[in-house]
Amino acid sequence: MSEHDEDVRLEDASLVYTGGLSPRDWSVLAREVMDRLGRERGWRGVELYLLSYGNLTLDYDVASKTFSISSGGSLAVSARVWLGEVVGTAIECVHDKATLEKLLLAAEEKARTGSTGAFPTTPSPGTPLPTDAWRGATDFARARLCAERMVKDVLPSGVVVQALVVKQECTGALALRSDGFESFRRFHQEAAFLRCETSRGAVVDAVPLPLVAAPIRARLADAVAALEGPAKKADRALPLVLRPLVAAPLVAGLAWLLRGDIATATPALVRAVGRKLFPSILTVEDDPLNPRGLHRRQLDDEGRPTRVLRLVDEGRLVGFLHSEETAARLGVEPGGRGLRDLVHPATPTALNLCILPREDALPADYTELVARVENFSTMPTPGTVSLIAGGWEVRDGRRVHRVEPLELELPVLETFRSLRGVGSDLAFFPSAEGCGTPTLVLPPPGG
């Protein structure tokens, strides 16, 4: 297949996977089916969430300058049907009116043995539905050029690349409810992922696209340098300075802790709202329109407006990330964080959660961790982040020698309660669920 043929096939995918119908066409078709079946079968309410999804993955071999690609797409639909106070959910790929009817009847059947659930309230006016394509097309040529630019502008000299992957995702999401609500959103996301080999393990980093080369080049060069060459055991009596690349999984763990579903399962955490749970230097915010963030949007997947959420204010726990369901459980207002993983039910999810930067002074002597060595899972146990990180011993503000990678098990709550300092070098990371962090200073690891 030629490159031109590949581009044509990807352009056609949005039409192929949606039966040739635009979002507005699907809305008309779906409402006819929803209304008719609802009347015939006595449903209390119906919700449909239709997602046209396309993706492309380009795997670039740096040594041979060759590549392989995979791509695909679908129109997946999630249906929820309410029988009185009980709701049933069914998910399937749908191509036409007949398969949509089967999906709704399958959701009805699930409702007969389902759990109780409130019908969503209409949170805001709907958005106009487009009459053209559901989503943009993935772009093979763009992905290839990005990979080639990564090699040229980002990779430090002599580094061994185990994997260089460019991923693109294009989606169009249509939400419909039997009370008349409807909304539509297009979304395009692309990122590049690097896995580089060193003598002390692999370093993994990721950047959103379009590429800004200088920051990741400096970050990657520093990480590789820290893991190559002579090293000594770390002095465990020194405080730890976690540079953003190392701190990012820890902040992703904090985002997990501040989810509404985790809070509802942790009564002690809910009781701590309004109290000073952390040091005054910690302020945590989730801003859906942060210009440096990776997930900018104005409505969540439940149709609610997003807004800036201050979750921790100078150490005081203010609240949590909520979907409609978790907000109802705690009797608070949703904050527009009900997001879906593809067509699965909405769960509380951060958009651009970050620790707000400060300019706290570093201690004179410390262990500076700049390179995170890849491990299988950063949270093998809920609430505890597992890190393997290398870097330098610093004395009087100067790096004196490399340290062998430290294995750290960091309970999220206790770690942030012991936070000693926050830097000014905020960065956001696709590999940490889009969370952002500056440098963090922690007490010595001890023992």
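The structure presented is a predicted model; accordingly, all values stated were derived computationally and were not measured.

A closer look at the pattern of salt bridges
Taken as a whole and judged by the stated rule, the model has 32 salt bridges. Two residues, arginine 329 and glutamate 325, come together in a salt bridge whose shortest N-O distance is 2.7 Å. Of this pair, arginine 329 and glutamate 325 both sit in helix α9 (residues 324–330), separated by 4 residues, roughly a single helical turn. Given the relative accessible area of 52%, arginine 329 is considered exposed. A residue is classified by how much of its surface remains accessible, and glutamate 325, at 46% relative accessible area, is partly exposed. One continuous salt-bridge network, built from bridges that share partners, spans Glu32, Arg36, Lys97 and Glu101.

Remarks on the packing of helix α2 (residues 23–41) against helix α3 (residues 97–111)
In a pair of packed helices, the angle between the axes and the distance between the axes together describe the arrangement. Relative to each other, α2 and α3 sit at 40°, their axes nearing to 10 Å. Compared by their axis directions, α2 and α3 come out oblique. Once α2 is placed against α3, the crossing between them reads as right-handed. Of the residues in α3, those in contact with Trp26, Leu29, Ala30, Glu32, Val33, Met34, Arg36, Leu37 and Arg41 of α2 are Lys97, Leu100, Glu101, Leu104, Leu105 and Glu108. Among the residues making up the contact of α2 with α3, the classes are represented as 9 nonpolar, no polar and 6 charged.

Digging into the nonpolar core
Generally speaking, nonpolar side chains in soluble globular proteins are found buried as a group. With 81 residues, the main nonpolar core has Met150, Leu194, Leu353, Phe416 and Leu440 as its most contacted residues. Considering every element that reaches this core, the biggest residue donor is helix α6 (residues 244–257), with 10 residues. Aside from chain neighbours lying at most four places away, what touches leucine 440 is Leu240, Val241, Leu242, Ala247, Leu250, Val251, Ile355, Phe416, Leu419, Gly421 and Val422.

Observations regarding the packing of aromatic side chains
Enumeration over the complete set of coordinates arrives at 3 aromatic pairs. Judged by centre distance (4.8 Å) and plane angle (80°), the rings of tryptophan 82 and phenylalanine 119 are edge-to-face. Of this pair, tryptophan 82 sits in strand β2 (residues 66–83) while phenylalanine 119 sits in the loop between β4 (115–116) and α4 (140–153), and the two are 37 residues apart along the sequence. Residues tryptophan 82 and phenylalanine 119 agree in their burial class; the two are buried. The positively charged end of arginine 340 is found above the aromatic ring belonging to tyrosine 49, 4.0 Å away from the centroid.

Basis of the calculations
Residues numbered from 1 in each chain as written. Predicted model: local features only at pLDDT ≥ 70, side-chain atom pairs only at ≥ 80, totals over all residues. Heavy atoms only, no water. Salt bridge = Lys/Arg side-chain N within 4 Å of Asp/Glu carboxyl O. Helix = DSSP H or I, 4+ residues; strand = E, 2+ residues; numbered from the N terminus. Buried < 20%, exposed > 50% of the residue type's maximum accessible area, 1.4 Å probe, protein only. Axes fitted to C-alpha atoms, helices over the stretch in contact; angles between N-to-C directions. Parallel < 35°, antiparallel > 145°, perpendicular 65-115°, else oblique. Left-handed = near helix turned anticlockwise from the far one by under 90°. Contact = heavy atoms within 4.5 Å. Nonpolar A, V, L, I, M, F, W, Y, C, P; charged D, E, K, R; others polar. Core = buried A, V, L, I, M, F, W, Y, C linked by side-chain atoms within 4.5 Å. Phe/Tyr/Trp six-rings, centres within 6.5 Å; stacked < 30°, edge-to-face > 60°. Lys NZ or Arg CZ within 6 Å of the ring centre and 35° of its normal.

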